[in-house]
Amino acid sequence: MRGPARLMAVLAVAAATGVAAAADRFVPMDAGFVVANVRQSQPDERLHELLLAWRANPGNGESAALATAYIDRARTLREPAFFGRAEAVLAPLAQKPEASAPVRRLYAEVLQYRHDFNGAEKLLDALLRDAPHDSDARLLRASVRLVRGEFAGARADCAQLAVAARGGATLGFACLAEAFAGSGDLARSLALLNSEPARHADADPLARAYLLATRAELRERSRDPNGAILDYCEALKLAPRDDSIRAALADALAARGDLGDARDLLAIDKPSLALLVRSAALSEGAQRSNLSARATAWLALEAARGDAIHYREEALLALADADTARALAAAVRNFEQQRELPDVRVLARAAHAARDASALEALQRWMRETGYRDSVTEGILADGASS
Amino acid sequence: MKKLFPALLLCLVANFGVSLPAFSHAASTSFLILDLPARDGPVAVRWDLSLHDIVWVVFIDADYDGNVTWKEIQDAKPALTNALLAQLSVQRGGAPCTLGIQDFALAVRSEQNFLSVAMQAACPKAGLVSLGGSLFMSGDASQRVLLSAARGKAQLTGVLSAAEPLWTEPEQASAWTSLVRFIGEGIWHVLVGYDHIAFVLLLLLPSVVRPVDGKWHGATGFGQVTRDVVTIITAFTIAHSITLALAVTGTVKLPIRPIEVAIAASIAVAGAVNLVPRLSKLRLPLAFGFGFVHGFGFANALSEIDSQGSSLLPLLGGFNIGVELAQLGIVALVLPLIYSMRRTRWYAGGVLPLGSCALGMAGIVWLIQRV
């Protein structure tokens, strides 16, 4: 293997060949055999009306209304195809000068979903140049910048949000704390999250969940796993269907040795890929093989499609399967896209497992340059340097 | 917390309540499987589609209960047939083909039942096949059609989207073009593959000396040296050609990792053998034995190259010839040099042991890295 990019390209070609191959055909004996439940995928009455209005006049208002409904459906029904439908509505309009702020912001959100963070940030930059007081656009840009590890830029956006306090101070304070933490100022971030305005300014459950999850992450990074688990638990109670919090809590439980609890937490109906790969890693025997096969098939389909949204999960699965070359290739690709705590850790673990000194050095350099701190990653890097 | 952020944003923008950050399956995908048995025959087309995409175009759920049953599909056959034929078009040699539906069945993909439609395209002209249409993709920018086409023993693939809804069969490369291309690939692989160069060098270094009483002495003549090199390199070549052919034809499949480990081990072992003159008789069996391992390594490299549209024989033959040419190039460069040094004290006492040691150590490092 000569480089992660080449390995990923090879895997993509292999995936395309395998995934597109024929599956066995069958004809049901029973005419009443239910082929599919399409209740969630076909348009309901309201969506139908929005669709007809948009077809009659695909302007800013109609496009934003339809796209908002699609994105809402994508999230509430866990149907990624609705993001594709939102994109089909927004794309022809979003790049035009006459595109409204909601259309551009919604399109940026679709781009963010596709992990086109660069495209999303550019769009939001332009939007905020035109409308600097657009808090929603600023919040989205802060989110994109935090994901990409652009902590200084995120800090500026979050500070403005905290001052403006539109949508509640909790959100602005949590965002600011996350941005400070990115640069290594964990104590200041924790102090900010424990401050009165952050804790009591509003009672929105999702904002509270975000604050608690952020504090949990900071506690994890500061060698306080028990405190982190408590915060993740509280956050999950407030946002029970948020898989990123569920995954983070499962990771924290597994790291503490509570493997059974972590497994139970992950055993939900229709798990996302993030949960599926963790379940596979924590399972044994036939169950592990089954979960691993499902996750592998999912990743193979995405690779064949040309999607680039689950490199983190691919790295986690490869690590669980002790395929260190593949894990490192995926972790490096993932780190090019996103630099949140799980991304930093999976890269450290993959580089360590592959005994790749240059990858470990590159991560160490990034942490030095940004000031990023995480006790677990620092431990892995120290171990890598001594071995 | 990037996942939660957009959910919060939606709350702020439109007060939509709790949103979900992750998805329980990949985005919409349908599958086209083509059989292109001859240049002028009918094209067999199988199209596996998700009902979740079809219901946006065809009304199937007649009782509005949300469940699509097999009977409802049977009842909707006329509408389905019209829609399918309107969404897909096939051409051959630039002329449109007449598409007919043969039967409807189901196939399980991504843990869902897909409608699997068998079709046949009757084409008036011979030539390359192209295929396109709306393919139920309009309205969903994330929809993809994964295409797999069998042309003889060659497997072709493609990905269609709303932005790029056309696939054209690639021109079948002539045997000569393929041969030349893969000779180049074979040469390139050896030149950039430091581990194969290291192993060939380790086979070469002792070829200009002979063991006498446990010590190396310079070989007497070029003929003797040439015979030794030809024998060793031929053994290595025969062995790696066998496994390369077995792997490329799919007769034997081995995972990459143990092969990479074994290649590193072969270098370490060959380096160690060169340090002990009494073991020189092991060189031939080692070259032959480890040649099998290196053949699998070459096969891995070959699998990384896009070979769509190429026939097996020029692909395999060309790559193998390229590998041999590169090996001969190394021999041609190194052999005269070490032959001229063979009787010097510092060759048997310096270049040979130190070179073998350095390459062997490199093999050990690669071995550790790859385990």
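Within every chain, residues take consecutive numbers counted from 1 along the sequence as written. The lettering of chains begins at A and the numbering of ligands begins at 1, in the order of writing. Per-residue local features of the predicted model are confined to residues with pLDDT of at least 70, and side-chain atom pairs are confined, for both listing and counting, to 80 or more; whole-chain, interface and lining totals are unaffected and use all residues.

Novice: Could you clarify how one ought to interpret the sheet that holds strand β2 (residues 43-50) of chain B in this entry?
Specialist: Within a sheet, neighbouring strands are paired by backbone hydrogen bonds and run either parallel or antiparallel to one another. Only strands joined by at least two bridges in the DSSP assignment are considered to pair. The helix and strand labels rest on DSSP assignments: H or I over at least four residues marks a helix, E over at least two residues marks a strand, and numbering proceeds from the N terminus. Taken in spatial order, the seven strands make up an open sheet running β1(A)-β6(B)-β7(B)-β2(B)-β1(B)-β9(B)-β10(B), and their pairing is mixed. Edge strands, defined here as strands with exactly one partner in the open sheet, are β1 (25-26) of chain A together with β10 (154-161) of chain B. In this structure, strand β1 (residues 29-35) of chain B lies alongside β2 of chain B, joined through five bridges in antiparallel fashion. What sits directly across from D35 of chain B, in β2 of chain B, is A44 of chain B.

Novice: Is there a simple way to explain the environment of D264 of chain A in this structure?
Specialist: Residue and element names in this part refer to chain A. Structurally, D264 is set in helix α15 (residues 259-266). Judged by local crowding, D264 falls into the exposed class, with 12 C-beta atoms found within 10 Å. Sequence separation between D264 and Q112 is 152 residues, and the spatial gap between their C-alpha atoms is 31 Å. Any residue with 12 or fewer other C-beta atoms within 10 Å of its own C-beta is exposed, any with 20 or more is buried, and the rest are partly exposed; the C-beta atoms used are placed from the backbone.

Novice: Even after reading the chapter, I still don't get the pairing of β10 of chain B, so can you show me in this structure?
Specialist: In summary, the side chains of a regular strand alternate between the two faces of the sheet. Residues and elements named next belong to chain B. Across eight bridges, strand β9 (residues 144-151) lies against β10 in antiparallel orientation. Within the sheet, the bridge partner assigned to A149 lies in β10 and is L156. If you look at the hairpin formed by β9 and β10, you'll find two residues sitting between the two strands, and G152 has a positive phi there, around 60 degrees.

Novice: Looking at this structure, I do not really get the packing of helix α16 (residues 273-282) of chain A against helix α17 (residues 285-305) of chain A. What am I missing?
Specialist: Each pair of packed helices gets described by two things: the angle between the helix axes and the distance between those axes. All names here are of chain A. In the contact formed by α16 and α17, the axes pass within 8 Å of each other and the chain directions differ by 145 degrees. Crossing hand, α16 versus α17: left-handed. Residues L273, L276, V277, S279 and A280 of α16 lie in contact with α17, whose contacting residues are R288, L291, S292, R294, A295 and W298. Polar here means any residue outside two lists: the nonpolar Ala, Val, Leu, Ile, Met, Phe, Trp, Tyr, Cys and Pro, and the charged Asp, Glu, Lys and Arg; Gly therefore counts as polar. When grouped by side-chain class, the residues that make up the contact of α16 with α17 number seven nonpolar, two polar and two charged. An axis is simply a line fitted to the C-alpha atoms; with a helix, the fit covers only the stretch in contact. Between two such axes, the angle follows the N-to-C directions and lies from 0 to 180 degrees. For any pair of crossing helices, the crossing counts as left-handed if the nearer helix is rotated counterclockwise from the farther one by less than a right angle, and right-handed if it is rotated clockwise. Here contacts are defined at the residue level, using C-beta atoms placed from the backbone and a cut-off of 7 Å between them.

Novice: For this particular structure, what's the right way to read the confidence of the model for chain B?
Specialist: Predicted coordinates in regions of low pLDDT should not be interpreted in detail. Residues and elements named next belong to chain B. Known as pLDDT, the predictor's per-residue confidence is scaled from 0 to 100. This prediction gives chain B a mean pLDDT of 86; 91% of its residues lie at or above 70. Mean pLDDT in chain B bottoms out at helix α1 (residues 4-14), which sits at 46, and peaks at helix α3 (residues 70-75), which reaches 97. In the predicted structure, residues 10-21 sits below a pLDDT of 50 and forms 27 contacts with residues beyond four places in sequence or in another chain. Across the interface, the model reports ipTM at 0.83; the global pTM reads 0.73.

Novice: Whenever I open this one, the confidence of the model for chain A confuses me. Can you help?
Specialist: Residues and elements named next belong to chain A. Mean pLDDT over chain A works out to 88, with 91% of the residues at or above the 70 mark. The least confident element of chain A is helix α1 (residues 4-19), whose mean pLDDT is 51; the most confident is helix α20 (residues 341-353), at 96. Confidence over residues 1-7 falls short of pLDDT 50; this stretch has 11 contacts with residues more than four positions distant or in other chains.

Novice: Mind showing me how you'd approach the sheet that holds strand β11 (residues 166-168) of chain B here?
Specialist: Residue and element names in this part refer to chain B. Spatial strand order, β5-β4-β8-β11: four strands in an open sheet with antiparallel pairing. A single partner strand is all that each edge strand has here, and the edge strands are β5 (95-96) and β11. Alignment of strand β4 (residues 89-92) against β5, held across two bridges, turns out to be antiparallel. Across the sheet, the residue bridging to R92 is A95, located in β5.

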